[in-house]
Structures are given as C-alpha cells and as structure tokens.
Amino acid sequence: MTDPMRHSLIEDIQGIAFGVCMAAVGMHVLTFSGFVAGQTTGVAALIAYGFNLPFPAVYFAVSLPFLWFGWRRMGARFALKTLITIAALSVLTALLPRWLGFSHIHPAFAALLFGILFGIAALAVVRHGGSFGGISILWLMLQDRTGFPAGYAQLGFDIALFAVSALILEPGPLLWSFAGAVVFNLFLAINHRVDRYIAT
C-alpha cells in the first residue's frame with residue numbers, strides 16, 4: 001500500500017509535466033506580448049529582448065547556476081527535479097511556437113493569463129518537490145544565513161528588475177507586465193498553503 005503522505009513516482013511525473021506545460025504556455029504568451037516577469041524569467045526575457053537571443057536557451061542558461069544553491073539548501077532530490085523541470089521547460093518553450101500560434105491577444109488578458117498560468121505551474125511543480133529554479137533559492141539561503149526575509153529580498157529584486165525593464169520596454173508593455181506579476185503573486189499567496197496540502 002502506498003503512503004498517502006508521499007507522492008508516488010508517477011504522481012511526481014504527471015505533476016511536474018503539468019506544471020511544465022502550463023509554464024510553457026505562459027512563457028509563450030509572455031514572449032508573444034513582449035512582456036517581462038519577475039525573478040529568473042524576467043532576467044531571461046530582458047537578456048533575450050536586449051540581445052535578440054532565443055528565450056528558451058537564455059532561460060536555461062540563467063537558471064543553471066542556481067541549481068548549486070538549490071542542492072545546498074534543499075538536497076540532491078530537489079536539485080535533480082529542478083534540473084529536469086527547467087530542461088523540459090526550455091525544450092517545450094522552444095517547440096511550442098511550432099504547435100501553437102497567436103494572431104492577437106489583448107494585453108490585459110495576456111497579463112491575466114500569463115500570471116495565472118505561471119501561478120498554476122509553480123504550485124504544481126513545488127508540490128511535487130521541484131521548482132523552476134532561479135534566484136528565489138538564493139533569497140531563501142540569504143534568509144537562512146542573515147535572517148533577512150526572503151520575501152523582501154525578492155520584492156526588492158523585482159523592483160530593480162522592472163526599473164531596468166523601463167529602459168527597454170515601452171510604458172504599455174511594462175505596465176501590463178507588472179499587472180501579470182501582481183496576478184502571479186496573488187495567486188501564489190492565496191493558493192500556496194502548506195497547511196492545506198501536506199503530501200510530499
């Protein structure tokens with residue numbers, strides 16, 4: 001009999017696969033609309049836009065260095081799941097434009113959609129012991145060592161990231177990007193409750 005408090009391998013596979021699919025569609029909406037996001041995705045988008053590089057490759061390259069931090073703080077199992085997640089997401093994000101095309105998305109709906117999709121994706125992957133990697137791991141380690149709240153560090157980084165984005169993006173896409181980031185963070189704040197979901 002399986003332990004109801006732990007996910008099985010097949011549950012982890014389907015949970016992470018679902019998260020990767022949702023995140024890939026969210027990233028497709030984001031890049032189609034010319035938006036940025038917070039944290040690692042935002043850094044990758046800015047580099048891709050600024051240097052005319054393929055977003056999936058940039059996202060993978062930016063995410064890789066933080067795997068070491070993830071391994072140090074969360075262990076090898078977490079780091080392996082995170083590596084699989086970001087590799088699968090990078091590949092699917094590269095392939096998705098061949099399979100799914102848009103002719104028009106209203107920016108307000110694009111902001112709402114990518115915020116919700118990113119939120120659903122992050123929730124699914126985290127609940128199955130992985131992550132989409134990135135800078136948030138560094139903030140958690142900073143909190144462990146110094147006591148400085150990770151949420152404040154993440155907020156400060158995102159403010160700086162959007163300030164830099166203002167040098168590259170037009171005001172419209174920048175404001176809609178910010179709206180999408182608000183949707184994403186609200187979604188996680190409301191739904192990411194460890195007291196309501198205790199399986200590991």
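Structural data are supplied above this passage.
Heads up: these notes are all about the structure in this document. Note that the structure is predicted; figures quoted are calculated from it, not measured.

Glancing now at the packing of helix α1 (residues 9-33) against helix α6 (residues 107-127). Running from amino to carboxyl end, α1 crosses α6 at an angle of 155 degrees, the nearest separation of the two axes being 8 Å. The pairing of α1 with α6 is recorded here as roughly antiparallel in orientation. The crossing of α1 and α6 is left-handed. Contacts between α1 and α6 pair G15, I16, F18, G19, M22, A23, V25, G26, M27, V29, L30 and S33 from the former with A110, L113, F114, L117, F118, I120, A121, A124 and V125 from the latter.

Tallied over the entire structure, the rule returns six aromatic pairs. A centroid spacing of 5.9 Å and a plane angle of 85 degrees characterise the contact between F162 and F178, whose relative ring orientation is edge-to-face. Taken together, the residues F162 in helix α8 (residues 150-165) and F178 in helix α9 (residues 171-191) connect sequence positions 16 residues apart. In this structure F178 comes out as partly exposed when scored by relative accessible area, which is 48%.

What counts and how
Residues numbered from 1 in each chain as written. Predicted model: local features only at pLDDT ≥ 70, side-chain atom pairs only at ≥ 80, totals over all residues. Heavy atoms only, no water. Axes fitted to C-alpha atoms, helices over the stretch in contact; angles between N-to-C directions. Helix = DSSP H or I, 4+ residues; strand = E, 2+ residues; numbered from the N terminus. Parallel < 35°, antiparallel > 145°, perpendicular 65-115°, else oblique. Left-handed = near helix turned anticlockwise from the far one by under 90°. Contact = heavy atoms within 4.5 Å. Phe/Tyr/Trp six-rings, centres within 6.5 Å; stacked < 30°, edge-to-face > 60°. Buried < 20%, exposed > 50% of the residue type's maximum accessible area, 1.4 Å probe, protein only.

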